[in-house]
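The lines below spell out each chain.
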Amino acid sequence: MEFQFDVRSKTYTDRTWDDTVQFCIDHDHWIPHNYQKHILEIASEYGVYRKLSMLEDGKGMRLYCTLPSNDMFSEWLAKRIDYYHEVNDSETDEERVGSIPYFPNSFQKRCWELTEFTPLIPEDLFWIHLHKAFIIAKNECRVNIHAFNLNARMAYAIHS
Amino acid sequence: MREWHMQYIPEEKFDKLHQANLVPLDIKINVYDFKKEIQEFDQYFTQWGDKFTEQPRYGLPLVNKNGFLGNDPEPACWPLDRWNFVNLGYEDTDEGFTEFYKKIQYNGFSDELDLEIDFDMPTDALSMKSLEPLASYKEYMVRSCILKWGTRAHFKPHFDTWHPVRWLRLWGTTDPDKMYLRFRSEDDTDGFCMWNETTQAHEIYAAEQNIEAGRIYLMNTLKWHDAFAFGEDVHQFFIALNIDSYDHVLHGTI
């Protein structure tokens, strides 16, 4: 499994950053310590790799992510969905309807605008494994289609 | 016999040997032959340690304390820090383990700990024909095992030794395309995000690249590292050498 997405600051909309480290530090204080610890433990159990780079305009960063297999992506996301329900909170409350999370926004920081979620595997395969996560999770999750890039949205329309 | 246990490798000599996290040695196990032969010993693999037993992590001793296969428990196939922690009677909590680890770091133990060098009896498994490339290292081998892992088996971030160093670690795997061996990295932008329970910190780990199947490497286990499998039947060669091996290893690096 391979995908990438962009995040920009909702809080400091006119500011630019030189590096991803400072960008992250400036948004870290929204994250409860125990929440971060737990989601890192989940990530480490499923081999989640990520590479960060600044966007060209300096207002956010691109996250490139891989997991060792598509099934491990489904299992990882199912764990994240269930943890979302367990703590009845997430890193964002935007896009929420009641207490149901939306993928991908509900799994990133609430102070970030997430766009251009781009599967880097065949789109149909991506949607199959995203829905597999929804099926194996004990709790509900929905898709925020607006966060995805055009090709993924088109594949979603065909797939669903 | 602990007469030679007080010997250690000076820091500058240790650094001279460990020029990278993994230093390739002139030892290569034939993976096909090994996979075939190891089946004969399948019944002697036991669960690794007493924690995280839901994970498919198994060990087979090559060198243990009595040379027998089938010991229960088999301390050679436990994380040695966990074995010592349990046997020294610490309270089995995260706080207890942190206290134990701090005492290790400050050399707060004298002869109380079981060390790698206390395991020096070869088992029948070490006589496997496919392990013959290890022949010239066998006289130095102390606590050593074959690990067999399945999907999602892992070791959490840890380090295995500290100065003064009294033994060396050799490592290799049959399946580098089905596992990560990762070391703590200074590069925050690129790697695996990990929670380190001991340091209580968010840390980044980078996976070693270009690991050759069957190649045996000298590994720097002074550094924080972890490992993670994402396939079935991933075997690892988990070998410790006493420090008399120093010159031999130095000449065996390629």
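These numbers were taken from a predicted model, which means no experiment stands behind them.

**A closer look at the overall build of chain A**
Link 1 in the chain: Within chain A, the secondary structure is distributed over five helices and six strands.
Link 2 in the chain: Written out in order from the N terminus, the α and β elements of chain A read β-α-α-β-β-α-β-β-α-β-α.
Link 3 in the chain: Here the C-alpha atoms of chain A give a radius of gyration of 15 Å, agreeing with the 15 Å that 2.2 N^0.38 yields for 160 residues.
Link 4 in the chain: Oriented by its inertia axes, the alpha-carbon framework of chain A measures out at about 40 × 35 × 30 Å.
Link 5 in the chain: In chain A, buried positions account for 31% of the 160 residues.
Link 6 in the chain: Counting contacts in chain A only where the partners sit at least 6 residues apart, residues at least 24 apart contribute 71% of the total.

**Here's the deal with the overall build of chain B**
Link 1 in the chain: Counting secondary structure elements, chain B contains five helices and 13 strands.
Link 2 in the chain: In terms of overall size, chain B behaves like a compact globule, its C-alpha atoms giving a radius of gyration of 17 Å where 254 residues would be expected to give roughly 18 Å.
Link 3 in the chain: Its C-alpha atoms put chain B at 45 × 45 × 40 Å along the principal axes.
Link 4 in the chain: Evaluated residue by residue, chain B yields a buried proportion of 38% over its 254 residues.
Link 5 in the chain: Taking the intrachain contacts of chain B between residues at least 6 apart in sequence as the baseline, contacts between residues at least 24 apart amount to 82%.

**Thoughts on the interface of chain B and chain A**
Link 1 in the chain: Tallying the contact residues gives 12 residues for chain B and 19 residues for chain A.
Link 2 in the chain: At five residues, strand E9 (residues 190-196) of chain B tops the list of elements feeding residues into the side of chain B that touches chain A.
Link 3 in the chain: Counted by class, the side of chain B that touches chain A contains seven nonpolar, two polar and three charged residues.
Link 4 in the chain: Where strand E2 (residues 49-54) of chain A and E9 of chain B come together, three bridges link them in antiparallel fashion.

**Concerning the pairing of E2 of chain A**
All names here are of chain A.
Link 1 in the chain: Bridge analysis of E2 against strand E3 (residues 60-66) gives six bridges, and the strand direction is antiparallel. Residue pairing in the sheet places Lys-51 in a bridge with Tyr-64 of E3.
Link 2 in the chain: In textbook terms, the turn of a hairpin is the stretch between consecutive antiparallel strands, and for E2 and E3 this stretch comprises five residues, one of which, Gly-58, has a positive phi near 75°.

**Re the environment of Leu-120 of chain A**
All names here are of chain A.
Link 1 in the chain: Along the chain, Leu-120 falls in the loop between strand E5 (112-119) and helix H4 (123-136).
Link 2 in the chain: Along the chain, Leu-120 and Gln-4 lie 116 residues apart, while their C-alpha atoms are 7.3 Å from each other.
Link 3 in the chain: For Leu-120, the residues in contact, after removing those within four places along its chain, are Glu-2, Phe-3 and Gln-4.

**Focus: the confidence of the model for chain A**
Any region with low pLDDT has predicted coordinates that should not be read closely.
All names here are of chain A.
Link 1 in the chain: The share of residues in chain A with pLDDT of 70 or more is 90%, and the mean pLDDT across the chain is 89.
Link 2 in the chain: Looking across chain A, the model is least confident in helix H1 (residues 20-28), with a mean pLDDT of 87, and most confident in E3, with 97.
Link 3 in the chain: Ignoring residues within four places in sequence, the model shows residues 92-97, a span with pLDDT below 50, making 13 contacts including any to other chains.

**Observations regarding the packing of helix H3 (residues 70-87) of chain A against H4 of chain A**
All names here are of chain A.
Link 1 in the chain: Taken N-terminus to C-terminus, the directions of H3 and H4 make an angle of 40°; their axes are 8 Å apart at the nearest point. Relative to H4, H3 is oriented oblique. The hand of the H3/H4 crossing is right-handed. Here H3 contributes Asn-70, Phe-73, Ser-74, Glu-75, Leu-77, Ala-78 and Ile-81 to the contact with H4, which in turn contributes Leu-125, His-129, Lys-132, Ala-133 and Ile-136.

**Focus: the sheet that holds E2 of chain A**
Sheets are built from strands that pair by backbone hydrogen bonding, the pairs being arranged parallel or antiparallel.
Link 1 in the chain: Ordered in space as E5(A)-E1(A)-E3(A)-E2(A)-E9(B)-E10(B)-E8(B)-E12(B)-E6(B), the nine strands form an open sheet in which the pairing is antiparallel. Edge positions in the open sheet fall to E5 of chain A together with strand E6 (154-158) of chain B, since each of these has one partner strand only. Across the sheet, the axes of successive neighbouring strands diverge by a mean angle of 30°, strand direction being ignored.
Link 2 in the chain: Seen against the sheet, helix H2 (residues 33-45) of chain A touches E9 and strand E10 (201-207) of chain B and runs at an angle of roughly 120° to E9 of chain B.

**Looking at the nonpolar core**
Link 1 in the chain: Among the nonpolar cores identified, the biggest contains 55 residues, and Cys-145, Ile-146, Leu-170, Met-179, Tyr-217, Phe-237 and Leu-241 of chain B are the most heavily contacted of them.
Link 2 in the chain: Beyond its immediate sequence surroundings of up to four residues, Tyr-217 of chain B is in contact with Leu-22, Val-23, Pro-24, Leu-25, Leu-170, Trp-171 and Gly-172 of chain B.
Link 3 in the chain: Val-7, Phe-126 and Cys-141 of chain A together with Phe-183 of chain B belong to the second-largest nonpolar core, a separate cluster that totals 36 residues.

**Things to note about unusual backbone geometry**
Link 1 in the chain: Cis geometry is adopted by the peptide bond preceding Pro-104 of chain A, which originates at Phe-103 of chain A and carries an omega value of 5°.
Link 2 in the chain: Looking at the element boundaries, Pro-104 of chain A is found in the loop between strand E4 (102-103) and E5.
Link 3 in the chain: One non-glycine residue with positive phi stands out, namely Phe-52 of chain B, at about 55°.
Link 4 in the chain: Within the secondary structure layout, Phe-52 of chain B lies in the loop between strand E2 (46-47) and strand E3 (57-64).

**Structural notes on the packing of H4 of chain A against helix H5 (residues 150-159) of chain A**
Residue and element names in this part refer to chain A.
Link 1 in the chain: At a closest axis distance of 9 Å, the pairing of H4 and H5 adopts a crossing angle of 65°. The pairing of H4 with H5 is recorded here as roughly perpendicular in orientation. The two elements H4 and H5 cross, and the hand of that crossing is right-handed. Of the residues in H5, those touching H4 at Glu-123, Asp-124, Phe-126 and Trp-127 are Asn-151, Ala-152, Ala-155, Tyr-156 and His-159.

**Comments concerning the confidence of the model for chain B**
Link 1 in the chain: In this model, chain B carries a mean pLDDT of 93, and residues with pLDDT of at least 70 account for 96%.
Link 2 in the chain: Confidence estimates for the predicted assembly give a pTM of 0.91 and an ipTM of 0.88.

**Re the environment of His-163 of chain B**
Link 1 in the chain: The residue His-163 of chain B is located in the loop between E6 and strand E7 (167-173) in this model.
Link 2 in the chain: Separated by 89 residues in sequence, His-163 of chain B and Gly-252 of chain B place their C-alpha atoms 23 Å apart.

**Looking at the environment of Asn-149 of chain A**
Residues and elements named next belong to chain A.
Link 1 in the chain: Structurally, Asn-149 can be placed in the loop between strand E6 (142-143) and H5.
Link 2 in the chain: Exposure remark for Asn-149: the 16 C-beta atoms within 10 Å place this residue in the partly exposed category.
Link 3 in the chain: Expressed as a C-alpha distance, the spacing of Asn-149 and Phe-117, which sit 32 residues apart in the sequence, is 5.6 Å.
Link 4 in the chain: Ignoring sequence-local partners within four residues, the contact set of Asn-149 consists of Glu-116, Phe-117 and Thr-118.

Rules used throughout
- Residues numbered from 1 in each chain as written.
- Chains lettered and ligands numbered in written order.
- Predicted model: local features only at pLDDT ≥ 70, side-chain atom pairs only at ≥ 80, totals over all residues.
- Helix = DSSP H or I, 4+ residues; strand = E, 2+ residues; numbered from the N terminus.
- Rg over C-alpha atoms; globule rule 2.2 N^0.38 Å.
- Buried ≥ 20, exposed ≤ 12 C-beta atoms within 10 Å, placed from the backbone.
- Contact = placed C-beta atoms within 7 Å.
- Nonpolar A, V, L, I, M, F, W, Y, C, P; charged D, E, K, R; others polar.
- Pairing = 2+ DSSP bridges.
- pLDDT = per-residue confidence, 0-100.
- Axes fitted to C-alpha atoms, helices over the stretch in contact; angles between N-to-C directions.
- Parallel < 35°, antiparallel > 145°, perpendicular 65-115°, else oblique.
- Left-handed = near helix turned anticlockwise from the far one by under 90°.
- Core = buried A, V, L, I, M, F, W, Y, C linked by C-beta atoms within 7 Å.

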